[in-house]
Every structure is written in structure tokens, then in C-alpha cells.
Amino acid sequence: MAVAPGVAARALALAVAIVLLASRAASNSEGDALFALRRSLSDPDNVLESWDPTLVNPCTWFHITCNQDNRVTRVDLGNSNLSGHLVSELGKLQHLQYLELYKNNIRGTIPAELGNLKSLISLDLYNNNISGTIPPTLGKLKSLVFLRLNDNQLSGPIPRELVGISSLKVVDVSSNDLCGTIPTSGPFEHIPLNNFDNNPRLEGPELQGLATYDTNC
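The structure displayed is predicted, hence computed values, not measured ones.

**Student:** Just to check I follow, could you spell out the nonpolar core for this structure?
**Tutor:** Where a protein is soluble and globular, its nonpolar side chains tend to be buried together. Core analysis: the largest hydrophobic core is formed by 50 residues, its most contacted members being Leu 99 and Leu 123. When contributions to this core are tallied by element, the ones reaching two or more residues are helix H1 (5-40), strand S2 (64-66), strand S3 (72-76) and strand S12 (177-182). The biggest single contributor to this core is H1, with 4 residues. Ignoring any residue separated from it by four or fewer positions in sequence, one finds Leu 99 in contact with Val 75, Leu 90, Leu 114, Leu 120, Ser 122, Leu 123 and Asp 124.

Here is the structure:
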């Protein structure tokens, strides 16, 4: 049975509207997640002044980059004189590829929810005051290439879940308080040992099958 042109046009318009509403809802959700981060940070230099939660999406905010679908792909807040802590809501940024928060004064722990960022390529949290352990959930980041957590106050072992990230090329966890041994399989086979320096309780490369990696943790 033929469909009247008017009916077809209305159906198409409705489909487009649904797609636009879904995109706008996703953008609003991402804006909410980023605004939760803003609320958790002290910003004496007003670098987050443009982060207005009343806007349709966060793509016009400074230090935010979006793709053609208005989904957030980059957060660039390195060396911005920020203090405070990270928030679990960051795990909702499903299209995020770069999370750059290095050289600030961020404290607290790394949220386990960052393991939900399935598109993440670069996680740069170095030169802060982050404490606690490296979440094993980061092992779910199968697109991750750069993991730089050096110059913080992280403790505990290096999660063996990270060994399963075949895309990982750069790992730097130097100048923390990590313990146990250094993984030697998977991507860690090619990571320079000086990227693990200045962890007084870290024992060195693990000996496969001969020693447990967390003997002094």
C-alpha cells in the first residue's frame, strides 16, 4: 500500500526530531557531568567561567572539544591552577578521548568510574596531589595509549588489569608511593624502567612464576 507523501514527510520529520532530542539529551548529560567537575574544583583564575550549565550543550565552553555530533571528546585543563577533586560523573563522558588535568593541585582519589570511558586515548593526571590506588577498572580502557600518573601520591600495586591494554604505549607512574613489582608482560614489556622510578616501595620487574607482585603491599 502506497504511503501518502504528507504522511511520509511527517514520519521523517518525527524521526529527525527524535534523533535531535536524543543528541540534545546526551549533550545535556555530558554538560551535567562536566558541571559536577566544575563544582568540585577551586578555580582562582576563572578558567571555567564559560562553563554555563544553562546552555544546550557544553561544546561552546572553553577547554572543551566536541565531535560533529556535539559529544565531548576532549577536556583540556592542564596547568590551570585548579584544586579540588575528581568526580565519578566523569565516567559518563562516553566519547571522551583526552582527559588532560596535569599540573594542577587536584587531591583525592582517581574515580573507578573513569574505567567507563571506552573511547579514552590519553589520561594525563601527572603533577597533582592525587592519592589512593590506581583503579583496576582502568584496565577496561581498551583504546588507551597514554597513561601518565607520575608525580602524585598514589599507593598500592600497579593493577595487573593494565597488562591487557594492547594499545598502551606510554605509562609513567614515577614519583609516587607504589608497591609490589613492575609488570613485564603485554605493553609493559616496552615501558622504560625509569617510568617507575622514585617509588621507594616498588621492588622492580616481576619474575614470572617465581614471585608474587604484591609482596610488600
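**Student:** I'm lost on the state of the cysteines in this one. Help?
**Tutor:** Cysteine pairs can be covalently joined through their sulfur atoms, and such a bond is termed a disulfide. Throughout the structure, instances matching the rule amount to 2 disulfides. Residue Cys 59 pairs covalently with Cys 66 via a disulfide, S to S 2.2 Å. Here the S-S torsion is close to -95°, and the disulfide linking Cys 59 with Cys 66 is therefore left-handed. Each sulfur in the disulfide pair Cys 179 and Cys 217 lies 2.0 Å from the other. Looking along the S-S bond of the Cys 179-Cys 217 disulfide, the torsion reads about 120°, which is the right-handed sense. Pair noted here: Cys 179 is in strand S12 and Cys 217 is in the segment after strand S13 (201-205), with a separation of 38 residues, a long-range link.

Rules used in this analysis
Once a new chain begins, its residue numbering starts again from 1 and follows that chain's sequence as written. Per-residue local features are limited, in this predicted model, to residues with pLDDT of at least 70; the limit for side-chain atom pairs, both in listing and counting, is 80 or more; totals at the level of whole chains, interfaces and linings are taken over all residues. The basis for every side-chain value is the complete set of non-hydrogen atoms in the structure, without hydrogens or water. We call a set of buried Ala, Val, Leu, Ile, Met, Phe, Trp, Tyr and Cys residues a nonpolar core when their side-chain atoms join them within 4.5 Å. Think of it in three bands: residues with accessible area under 20% of the maximum for their type are buried, residues over 50% are exposed, and the middle band is partly exposed, with areas taken using a 1.4 Å probe on protein chains only. Helix and strand labels come from DSSP, where a helix needs a run of H or I of at least four residues and a strand needs a run of E of at least two; each type is numbered from the N terminus. Pairs of residues are marked as contacts when any of their non-hydrogen atoms sit within 4.5 Å. We call a pair of cysteine sulfur atoms a disulfide whenever their separation is within 2.5 Å.

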